[in-house]
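A look at the structure
Okay, here's what each chain looks like letter by letter:
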Amino acid sequence: MKTFSPTPKDIDRQWYVVDAQDQVLGRLASQIAHRLRGKHKPEFAPHMDNGDFIIVVNCDKIKVTGTKMDKKMYHRHSGWVGGLKSTSLSDMLASKPERVLMAAVRGMLPKNRLSRDLLKKLKVYAGPEHPHTAQKPQPLTLPY
């Protein structure tokens, strides 16, 4: 018996909408990364992008546990001496809530060229509206 390896014609991508209201950040990000990668499909191959498109709405109403709201920091560096900028999770949720979920999902994807293609299939919006109604996305309820 030969091992099945999917080809691009075998890939069937669906569009799903996830409501992030009152969801815990890490649990939501892990399930989104699982779906983006395509690990829920029987024809999963680690070297191919065969996951689904995920639209996340209401990401500004996401929850975190413990004291992460004050203690978790996001860092970026300009490349110059003394160019380290740090922002707390509460400030980031107030100004750019989409980046919080994108950073969490990015950290749960493989660190290679494939992850850049996977992240392009994730669409995150702060409010309840999204411009992808033409794709007829189905609502996705996540187990936890």
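1. Focus: the overall build of the protein
Across its full length, the protein holds five helices and six strands. In the protein, the order of α-helices and β-strands from amino to carboxyl end is β-α-β-α-β-β-α-α-α-β-β. Seen through its principal axes, the protein has C-alpha atoms that stretch 55 × 35 × 30 Å. Here the protein holds 144 residues, and the buried ones make up 40% of them.

2. Remarks on the pattern of salt bridges
Applying the stated criterion across every chain yields a total of five salt bridges. As a salt-bridge pair, Asp-10 and Lys-9 come within 3.7 Å of each other at their nearest N and O atoms. Under the relative-accessibility criterion, Asp-10 is labelled partly exposed at 29%. Given a relative accessible area of 73%, Lys-9 falls into the exposed group. The shortest N-O distance in the salt bridge between Lys-121 and Asp-49 comes to 2.5 Å. Of the two residues, Lys-121 sits in the loop between helix H5 (113–119) and strand E5 (122–124) while Asp-49 sits in the loop between helix H1 (25–37) and strand E2 (53–57), which places them 72 residues apart along the sequence. Taking the relative accessible area as the measure of exposure, Lys-121 reaches 4% and is therefore buried. A relative accessible area of 17% places Asp-49 in the buried class.

3. Considerations on the sheet that holds E2
Spatially, E5-E2-E1-E6 is the arrangement adopted by the four strands of the open sheet, whose pairing is parallel. The two strands at the open ends of the sheet, each matched to only one other strand, are E5 and strand E6 (138–139). Across two bridges, the pairing between strand E1 (residues 15–19) and E6 is parallel. Looking at E6, one finds that Tyr-16 is bridged to Gln-138. Contacts from H1 reach E1, E2 and E5, with the element oriented near 155 degrees to E2. Packed onto the sheet, helix H4 (residues 97–108) meets E2 and E5 and runs at close to 155 degrees relative to E5.

Analysis parameters
- Residues numbered from 1 in each chain as written.
- Predicted model: local features only at pLDDT ≥ 70, side-chain atom pairs only at ≥ 80, totals over all residues.
- Heavy atoms only, no water.
- Helix = DSSP H or I, 4+ residues; strand = E, 2+ residues; numbered from the N terminus.
- Buried < 20%, exposed > 50% of the residue type's maximum accessible area, 1.4 Å probe, protein only.
- Salt bridge = Lys/Arg side-chain N within 4 Å of Asp/Glu carboxyl O.
- Pairing = 2+ DSSP bridges.
- Contact = heavy atoms within 4.5 Å.
- Axes fitted to C-alpha atoms, helices over the stretch in contact; angles between N-to-C directions.

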